[in-house]
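An overview of the molecular structure
The lines below spell out each chain.
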Amino acid sequence: MAKLLEMASLACEVAKSEGAEWVQVTASESLDIFVELAKSSLKAASAAAGQGLSIRAFVKGGLGSVSTEALNERACRKAAKEAAQMASAAEPDPDFVALPSPEDAEEVEGLFDDRIAGLPSEKLVEVAGRNIEGAESVFGEVILSGGVGLHSAHSALANSAGVRRERKSTFLGASTFAVVKQGSDVGSFYDFDYGRRLEDVALEELGAKATRQALTFLGARHPQTRRMALVLGPLASFGLLRTLAYSASAEGIQRKRSFLTDMRGKQIVSEHLTIIDDGFIPRGLYSGTYDGEGALRRRVKIIDKGVFADLLHNSYTAGKAGEPNNGHGTSGGGISATNLRPELGKMSAEDIIKDTEEGLYINMGGLGPNPASGDVSASVDFGFKIENGRLVFPVINAMVGGHIFEILKKIDAVSSDYREEPGNIMPTIRIQDVQVVGKG
Amino acid sequence: MKELAQVLCDEARKRSCSFADVRLQESEGTSILVQDGRADKVSASKRHGAGLRVLVDGAWGFATTNRLEKRTLLAALEQAVSLARGSKEYVADPGAVAQVPPTCGEEHTSIKKDPRRVSIREKAAKIRQFEESALKAAGQKIVNSVLSYGDSVVQEIIANTSGTLVERHTVRTSVSATMTALEGELRQTDHERKAQISGFELLEEISPEEFSIRAAHKATQLLSAKPAPAGSFPVVFHPSITGLLVHEALGHNAEADHVWTGESILEGKLGEKIASALVTIVDDPTISNSYGSYKYDSEGTPSQRCILIEKGVLKGFLHSLETASKFGTSPNGSARAQNYAYCPVVRMSNTFMEPGPAAFEEIVKPIERGIFLDHGQWGYVFVERGQYTCHAGSGRMIEHGRLGEPLRDVSVAGLTLETLKDIEAISSDFEMDMPGHCGKAGQGVPVNTGGPYVRVKSLIVGGQSGD
């Protein structure tokens, strides 16, 4: 345990002594085990042991970064020296202010489970086998692919402002993709489950679940081209929420390349939508008291009743804006959202569908806007036509188009019930009057 | 390293592996980001490690490590064998490899200017020149410019228990320009990328007019372009969109692993006419210096030109050692891995449609009202349904046989087998300049794609207003 932090601290000192004014070092060790499925058979079992050291050094704000997979003192000293030299070669950046300073707070609970870290590969093989059996019990000729895997990591972070942190984390999860055929008719669907603790995942049912869903996509038809409501199911709505959260990155906004530039404080979405980014949910998939730069995270209300209320900062963008850092930095200098928790509405997902005269239900994907313009031109890869409050047939080769603001201002319902992946809330969302493109 | 690889193969034989291969790899690279007038982010990375794959009683095991000491490598081999043995119970489709003569050879990229011998300052200065010329040419409307440079030098030993021993030394260099233009509340962006198997000389051969200035001008021009209409239209593809169609819609379906599992729409169609007689599609990793090229694949099989469709007839698939065995054919050098940490899987290289006889004007002329799609950006496919999406960075309306008003970025969607049959005309002009990374099975590998201008009878256009 101590070795990683020692190595990170050493690299920090060496880079400083070589002329770097600010330094951040991350050292890590990890183990991944993955069991892959293909053609409803176990395809391969693999194990990857990794280690690495990443150094970011700053001279007058100019950044030199070096990463290496060697983790010994000699390599560490060499990489630190090289990072300092590269920082000197980089041009000064007057917008850089400082790396995070130490702040003490308790780490979020439930991010590491030694039962997952110690899980033998045979157990993953067994889970993969159960998924095949479950899928075949639903439809004998199903073609199931996907996999079951675990990730266990130990990392240490040191910076020249005095931050010294270590953390251990685990993930266990599985995904399945089922394809079913009846003659030339093909249906397919995907399901997944991930968690940081053993009790937070139910992995053995995923093959059967994906297969049951795939069967519902048989008999797909082209919808008509016309304006209608979109009802985003939990996976599709989560995609939309993450798109909005990532667009709220201060980097893109400060650089004027995001469609959210100059929109802070303005109503950009219907008042039905509030999105909170919360990195403190125990056992949450994206949880952690500190961000990748070692800064203390803050909860951020990104969208407040439709108003773009706040953006996501790392140390660079916060310093540049002269605002408090809300702790969304990644160790590489990027910005990332954490767990997303939209505020819920009053209607159930079932009632939202019943209340929709004509629309398109989107199970997964869709609505990814152009990050600069906000234009949306997207395929509906998995969806159903809604007529008179019922899902009547799966659609094939349908698209939606519009501008993200025009579309999101027409959100008129967020469901009261939801799918939950640890720390993240995925409701059903309805948007009225969107351009759907099909045949005719 | 060669001796070490052979020792590991010998050890695999002793452990009753019916097949095993070892990839030992060392790589290094630099990247520079120039943004808004400053080269303020420079980085370097070094990777090294080994991937050991074994086949034991029909079950595959794979282990990786980034410690290259013999002791650690032997432990990884043991782990791979143990993983394979522990998996047997659920293997219903046993693994196999084609029995082919071993390959011994070397691949060395021929370069003029080794990027490792060019200083960061020289690299940064060159990239800044591209940015400066673009900003000078495009003026005040450009509000953000990002120039990104990267180079990589990869050395790899590939050995297997059949006796194959290949050494690869590959240098790739890339540079991209992303320009964002603003007018009022309208913001548009454009992206250009140049990438090759090449040293730093690539940057000295690029004209700013064909690269950063073009991105800046296109971003600015998009400010006055309108959103595309929504509906079904006759469309004409720019070669970059043809490339996306060829890669996404056809190429992924022609990867034999998808065919073997039954997920590809091309299963059972070998020898059948699946496209217009005008269509010939080829995957060719032997093209000199193209971004997707290589002499040996990640299993050590020599690369070769593969005809996928010839005059509309499905002629072949892309194969690895395993899929070749299962189909009872020869491997054709299409097994690729992102790096040592991944197993090789069946992949494309440089995939393109052959040019035809028509002039561009002849292609556009019969269209009363349609859409010209330009500047292919990205695409994806669901192989089991053959449903694909391609995204165009810009376009033009076609009215009465002529190009009309400019259009903003838009996606089109279609069904592979319908679209291939609906191809009505193909130009003699040809372009393959879409170097990028293709994602599959969690891995990205360098590819290129392109083709001629193509007219398709009808496609769904994801526009913003009903037509």
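Keep in mind that this is a model prediction, so the values were computed, not measured. (Residues numbered from 1 in each chain as written. Chains lettered and ligands numbered in written order. Predicted model: local features only at pLDDT ≥ 70, side-chain atom pairs only at ≥ 80, totals over all residues. Heavy atoms only, no water.)

1. Considerations on the overall build of chain B
Test applied: Under the scheme used here, helices are H or I runs from DSSP no shorter than 4 residues and strands are E runs no shorter than 2 residues, and both carry numbers assigned from the N terminus. Three labels apply to residues, based on accessible area from a 1.4 Å probe with only protein chains included: buried if under 20% of the type maximum, exposed if over 50%, partly exposed otherwise in between. Here a residue-residue contact requires only that any non-hydrogen atoms of the pair lie within 4.5 Å.
Helix and strand counts for chain B come out as 10 helices and 22 strands. Reported as C-alpha extents along the three principal axes, the dimensions of chain B are approximately 70 × 55 × 35 Å. Each of the 467 residues in chain B was classed as buried or not, and the buried ones make up 63%. Considering only contacts in chain B between residues 6 or more positions apart, those separated by 24 or more positions represent 74%.

2. Focus on the overall build of chain A
As a reminder, the rule being used: Just to be clear, the radius of gyration here is over C-alpha atoms, and the globule rule we use is 2.2 Å times residues to the power 0.38. Residue-level accessible areas treat just the shown protein chains as cover; the underlying method is Shrake-Rupley with a 1.4 Å probe. Neither His nor the chain ends contribute to the count of charged residues, in which Lys and Arg are positive and Asp and Glu negative. Here the site of a charge means NZ on Lys, CZ on Arg, CG on Asp, or CD on Glu.
Scanning chain A for helices and strands turns up 10 helices and 18 strands. Expected size for 440 residues packed as a compact globule is a radius of gyration near 22 Å; at 24 Å, chain A falls within 12% of this value. Across its three principal axes, chain A shows a C-alpha extent of roughly 70 × 55 × 35 Å. When the 440 residues of chain A are sorted by exposure, 60% land in the buried category. Accessible surface, chain A: about 15800 Å² in total, of which carbon and sulfur atoms supply 50%. Computing the positive centroid from 48 side-chain charges and the negative centroid from 58, chain A places the two 3 Å apart.

3. A short note on helix α2 (residues 70-85) of chain B
Condition: Each helix should span, by expectation, one fewer than its residue count multiplied by 1.5 Å.
The end-to-end C-alpha separation of α2 of chain B is 23 Å, in line with the 22 Å expected for 16 residues at 1.5 Å each. Where α2 of chain B is buried, its residues contact β2 (41-59) and α4 (121-138) of chain A together with α1 (2-14), β1 (19-35), β2 (38-56) and β3 (59-65) of chain B.

4. Considerations on the sheet that holds strand β10 (residues 307-308) of chain A
Residue and element names in this part refer to chain A. Note the cut-off: Only strands that DSSP links by at least two bridges are regarded as paired with each other. Under this scheme, a helix contributes an axis fitted over its contacting stretch, all axes are lines through C-alpha atoms, and angles between N-to-C directions fall in the 0 to 180 degree range.
With antiparallel pairing, four strands are arranged side by side in an open sheet as β10-β9-β8-β11. Both outer strands of the open sheet, β10 and β11 (340-342), are each paired with one neighbouring strand and no more. One ladder, built from three bridges, connects strand β8 (residues 275-277) with β11; its direction is antiparallel. Each residue of the ladder has a partner; that of aspartate 277, found in β11, is leucine 340. Along the sheet face, helix α6 (residues 234-247) touches β8, β9 (300-304) and β11 and points at about 110° away from the line of β11.

5. Examining the pattern of salt bridges
Here the idea is simple: oppositely charged side chains can pair when their charged atoms come close. This is how the line gets drawn: Any Lys or Arg side-chain nitrogen located within 4 Å of an Asp or Glu carboxyl oxygen qualifies as a salt bridge.
Scanning the model with the defined rule gives 78 salt bridges over all chains in all. Note that glutamate 251 of chain A and arginine 255 of chain A form a salt bridge whose closest N and O atoms lie 3.2 Å from each other. By relative accessible area, which is 19% here, glutamate 251 of chain A ends up buried. Given the relative accessible area of 2%, arginine 255 of chain A is considered buried. The shortest N-O distance in the salt bridge between glutamate 156 of chain B and arginine 23 of chain B comes to 3.8 Å. Here the residue glutamate 156 of chain B occupies a position in strand β5 (residues 142-160), and arginine 23 of chain B occupies one in strand β1, the gap between them amounting to 133 residues. Taking the relative accessible area as the measure of exposure, arginine 23 of chain B reaches 2% and is therefore buried. If you follow the salt bridges from partner to partner, you end up with Asp93, Asp95 and Lys320 of chain A together with Arg38, Asp40 and Lys41 of chain B in one network.

6. Some remarks on the packing of aromatic side chains
Rule in force here: Stacked, tilted and edge-to-face are the three classes assigned to paired rings of Phe, Tyr and Trp, where Trp is represented by its six-membered ring and a pair needs centres within 6.5 Å; plane angles under 30 degrees give stacked, over 60 edge-to-face, the rest tilted.
Enumeration according to the criterion identifies 21 aromatic pairs over all chains in this entry. With a centroid separation of 5.6 Å and 65° between ring planes, the pair formed by tryptophan 260 of chain B and phenylalanine 327 of chain B is classed as edge-to-face. Taken together, the positions of tryptophan 260 of chain B in helix α7 (residues 256-261) and phenylalanine 327 of chain B in helix α8 (residues 321-327) put the pair 67 residues apart, joining distant regions of the chain. Between phenylalanine 360 of chain B and phenylalanine 372 of chain B, the aromatic rings sit 5.6 Å apart at their centres with planes inclined by 70°, giving edge-to-face as the arrangement. With phenylalanine 360 of chain B in helix α9 (residues 360-364) and phenylalanine 372 of chain B in strand β15 (residues 369-382), this pair connects stretches of sequence that are 12 residues apart. Within the aromatic cluster, the residues linked to one another by ring pairs are Phe189, Phe217, Phe382 and Phe384 of chain A together with Trp378, Tyr380 and Phe382 of chain B.

7. Overview of the interface of chain A and chain B
The test is simple: Throughout this description, a polar contact denotes any pair of N or O atoms lying within 3.5 Å of each other; where both atoms belong to protein, one of them has to be capable of donating a hydrogen while the other can accept it, and for residues adjacent in sequence the pair is counted only when both atoms sit in side chains. As a working rule, the residues Ala, Val, Leu, Ile, Met, Phe, Trp, Tyr, Cys and Pro are called nonpolar, Asp, Glu, Lys and Arg charged, and the rest polar, with Gly in that last group.
Listed per partner, the contact involves 83 residues of chain A and 73 residues of chain B. Seen at the junction of chain A and chain B, the total is 10 salt bridges. The closest approach of N and O atoms between arginine 255 of chain A and aspartate 36 of chain B, which form a salt bridge, is 3.2 Å. Run the count over chain A and chain B and you get 47 residue pairs in polar contact (both at pLDDT 80 or more). No other element matches the 11 residues that β2 of chain A contributes to the side of chain A that touches chain B. When the residues that make up the side of chain A that touches chain B are grouped by side-chain class, the tally is 31 nonpolar, 31 polar and 21 charged.

8. Points about α6 of chain A
Residues and elements named next belong to chain A. Along its 14 residues, α6 runs 20 Å from first to last C-alpha, staying within 8% of the 20 Å computed at 1.5 Å per residue. Burial analysis of α6 places 10 of its 14 residues in the buried class, the great majority of the element. Within the sequence span of α6, burial applies to Leu235, Ala236, Ser237, Phe238, Leu240, Leu241, Arg242, Leu244, Ala245 and Ser247.

9. Section: the environment of aspartate 193 of chain A
Residues and elements named next belong to chain A. In this structure, aspartate 193 sits in strand β6 (residues 185-195). C-alpha of aspartate 193 to C-alpha of threonine 176: the two residues are 17 residues apart in sequence and 9.4 Å apart in space. At a separation of 2.7 Å, a polar atom in the side chain of aspartate 193 contacts the main-chain amide nitrogen of alanine 202.

10. Brief notes about the pairing of strand β16 (residues 398-403) of chain A
Residue and element names in this part refer to chain A. Taken across its six residues, β16 has five buried, putting it largely inside the fold. Bridge analysis of strand β13 (residues 375-380) against β16 gives six bridges, and the strand direction is antiparallel. Within the sheet, the bridge partner assigned to valine 380 lies in β16 and is alanine 398.

11. Quick word on the nonpolar core
For clarity, the threshold we go by: Side-chain atoms within 4.5 Å are what join buried Ala, Val, Leu, Ile, Met, Phe, Trp, Tyr and Cys residues into a set we call a nonpolar core.
Grouped together as the largest cluster of nonpolar side chains are 122 residues, with contacts concentrated most on Leu230 and Ile431 of chain A. Look past the residues within four positions of leucine 230 of chain A in its chain and what remains in contact with it is Leu360, Ile362, Leu367, Val400, Ile429, Arg430, Ile431, Val434 and Val436 of chain A. Leu5, Met7 and Ala20 of chain A together with Ala216 of chain B belong to the second-largest nonpolar core, a separate cluster that totals 58 residues.

12. Quick notes on the domain arrangement of chain B
Residue and element names in this part refer to chain B. Heads up, the condition is: Domain borders in the structure are assigned automatically or taken from a domain database. Put simply, buried area is how much 1.4 Å-probe accessible surface two parts lose in total, over both of them, once they are put together.
Looking at chain B, the domain boundaries give domain 1 (2-222) and domain 2 (226-462). Of the residues lining the interface, 45 residues belong to domain 1; the matching set on domain 2 comes to 41 residues. Between domain 1 and domain 2, a total of about 3300 Å² is buried, with carbon and sulfur atoms accounting for 49% of that surface. Our count for the contact surface shared by domain 1 and domain 2 stands at three salt bridges. Ionic pairing is found between lysine 326 and aspartate 93, a salt bridge with its closest N-O pair at 3.3 Å. It is strand β7 (residues 186-197) that contributes the most residues to the side of domain 1 that touches domain 2, 10 residues altogether.

13. Describing the domain arrangement of chain A
Residues and elements named next belong to chain A. Segmentation of chain A into domains returns domain 1 (2-215) and domain 2 (220-261 + 273-289 + 339-440). With centres defined by C-alpha atoms, the gap from domain 1 to domain 2 works out at 27 Å. At the interface, 24 residues of domain 1 touch 18 residues of domain 2. Buried area between domain 1 and domain 2, summed over both chains or domains, comes out near 1600 Å², and the portion from carbon and sulfur atoms is 57%.

14. So, the pairing of strand β21 (residues 443-461) of chain B
Residue and element names in this part refer to chain B. The element β21 is extensively covered by neighbouring structure, given that 16 of its 19 residues are classed as buried. Bridge analysis of strand β14 (residues 350-353) against β21 gives three bridges, and the strand direction is parallel. Of the residues in β21, the one forming a bridge with asparagine 350 is asparagine 448. Across two bridges, strand β18 (residues 410-415) lies against β21 in antiparallel orientation. When the sheet's bridge partners are listed, alanine 413 is paired in β21 with isoleucine 460. Examined bridge by bridge, strand β19 (residues 423-431) and β21 share five bridges and lie antiparallel to one another. Across the sheet, residue alanine 425 finds its bridge partner in β21, namely arginine 455. Across five bridges, the pairing between strand β20 (residues 436-440) and β21 is antiparallel.

15. Details of the environment of proline 435 of chain B
All names here are of chain B. Residue position: proline 435 is located in the loop between β19 and β20. Under the relative-accessibility criterion, proline 435 is labelled buried at 7%. A sequence separation of 242 residues divides proline 435 from arginine 193, and the C-alpha atoms of the two residues are 7.3 Å apart. Excluding anything up to four places from it in sequence, proline 435 contacts Arg193, Lys194, Ala195, Tyr291, Val447 and Asn448.

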